[in-house]
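# Results of the structural survey
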Amino acid sequence: MARYLNISLCTAVAALVALGLVMLASTSAWVKGTEEPYYFFVRQSWMAGAGIVGGLFLATLDPRHLRRGWPWLLLAGCLLLALCYVPGVAADLNGEKRWIHFPVVNRFQPSEVAKSITMIALAGWFARWQTEIPTFWKGFVIPGILLGVPFCLILFETDMGTAVGLGAAGFAVLFAAGVRLRYLLPTVVTGCVGFYFLVRSNENRWSRIEAWLNLEDPYHQMHKGLQQWRALLAFGNGGVQGQGLGNGFEKFGHMPYAHTDFIFPNIGEELGLWGTLLTVLCYVMIAVSGIGIAMYASNVFNRCLAIGLTAVIVVPAMVNIAVTTAVLPNTGLPLPFVSYGGTNLVFTLASVGLLCGIQRRSRLERRPESGSGVQKTYEVRL
């Protein structure tokens, strides 16, 4: 069964990338302020190609190189995140400074690369201190610092959605590594309480919560709750069979960011319930494949890294689907592989490449040597 994990993983990812390009061609042509109707589709296609090339390279990379170089990778990731606070370098969009100006690609989102780097750092630490995992300092405090530094840098960019996703992925790695629950559970409770007060003190964030709790209110439907309300209408318009590809109504300027954060409702409107269920099935396949790769991993580093990379992909997908169906308040997280966003697509495909490399190397390391399969018999001479 182990050899089929890469096949199911790559099949699900390929289906999602293809679906994303098709839906971008359908929705992005109607985005306001764009002169070229297929600008986003063409740009996303180039980014998909770059992500595939990067993923193929990482699939052949020996994970031991990442294990040795994780401190430098983490330092580089934190420096990139710190650039979001530097005037003239940071790119401010909609009041959030989660991008920096970068040559060639114009805007670059450091938090996307920082998520994968943080998972590499946690896996490298636990692989180095395997016998110290049950302890308080080396098993909980120091890994918590490794996770907390990029988490705080992302959080105070006012990118709370990405910060929560990173925290959930980090918790998955800590739990899978064997950190004691008596350390983890109080931290989670404290974090939830602190997160509540942080949101409550921010008028913009709290207004989103109020709009989410009162979507039936006409005032919220025209203001902070507009996206989620129009998303529900899109799902209702699509029904089971859908309106047909290209025949959606909400993308004509009625639902903001229909090609990025809220592309999932457009799938429901044009492809119907079956389209949304197949999309969810692809993410389930990714989750199952990633957990299977972690189970068959040959060492602690590969096992922790596989769990972390799987969570980095699946958790934002779960949150995005929950937001667009009004189960959670609006967070601004994209749908991996499907939503428009070059940085997210490239580094998510890179994470898939790392997962495939872990599974491939685990198979090679578990392969028996020549002659070892010969059956030996023993007897006692009397």
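Our structure is the block above this text.
Every chain begins its residue count from 1, and numbering advances along the sequence as written. Local features in a predicted model are, by the rule used here, given only for residues with pLDDT of at least 70; side-chain atom pairs are given and counted only at 80 or more, and totals for whole chains, interfaces and linings are based on all residues. The basis for every side-chain value is the complete set of non-hydrogen atoms in the structure, without hydrogens or water.

### A few points about the packing of aromatic side chains
Only rings of Phe, Tyr and Trp enter the pairing, Trp through its six-membered ring, and a pair is recorded when the two centres are within 6.5 Å. The plane angle decides the type: under 30 degrees is stacked, over 60 is edge-to-face, the rest tilted. Considering all chains together, one arrives at 12 aromatic pairs under this definition. An angle of 80 degrees between the planes, with centres 5.3 Å apart, marks the rings of Tyr-39 and Phe-40 as edge-to-face. Accessible area is worked out with a 1.4 Å probe on protein chains only. A residue is then buried under 20% of its type maximum, exposed over 50%, and partly exposed in between. Note on Tyr-39: relative accessible area 37%, which makes it partly exposed. What makes Phe-40 buried here is its relative accessible area of 11%. Seen from their ring centres, Trp-70 and Trp-125 are 6.5 Å apart, and the 90 degrees between their planes marks the pair as edge-to-face. Note that Trp-70 is positioned in helix α3 (residues 63-82) and Trp-125 in helix α4 (residues 110-128), a separation of 55 residues in sequence. We classify Trp-70 as buried; its relative accessible area is 13%. You can call Trp-125 buried: its relative accessible area is 11%. Ring pairs connect the aromatic residues Phe-136, Trp-137, Phe-140 and Tyr-183, which therefore count as one cluster. The side chain of Arg-128 reaches across the aromatic face of Trp-129, ending 4.1 Å from its centre. Labels follow the DSSP assignment, with helices taken as runs of H or I lasting at least four residues and strands as runs of E lasting at least two, numbered in each case from the N terminus. To sit over a ring, a charge needs its Lys NZ or Arg CZ within 6 Å of the ring centre and within 35 degrees of the ring normal.

### Section: the pattern of salt bridges
Salt bridges are defined as contacts in which a side-chain nitrogen from Lys or Arg sits within 4 Å of a carboxyl oxygen from Asp or Glu. Per the stated rule, a full pass over the model turns up 4 salt bridges. A salt bridge links Arg-64 to Asp-62; its shortest N-O distance comes to 2.6 Å. Since its relative accessible area comes to 12%, Asp-62 is described here as buried. With a closest N to O distance of 3.2 Å, Glu-112 and Lys-115 form a salt bridge. Highlighted residues: Glu-112 and Lys-115, both in helix α4, separated by 3 residues, approximately one helical turn. For the pair shown, Glu-112 and Lys-115 are each scored as buried. Connected via shared salt-bridge partners are Asp-62, Arg-64 and Arg-361.

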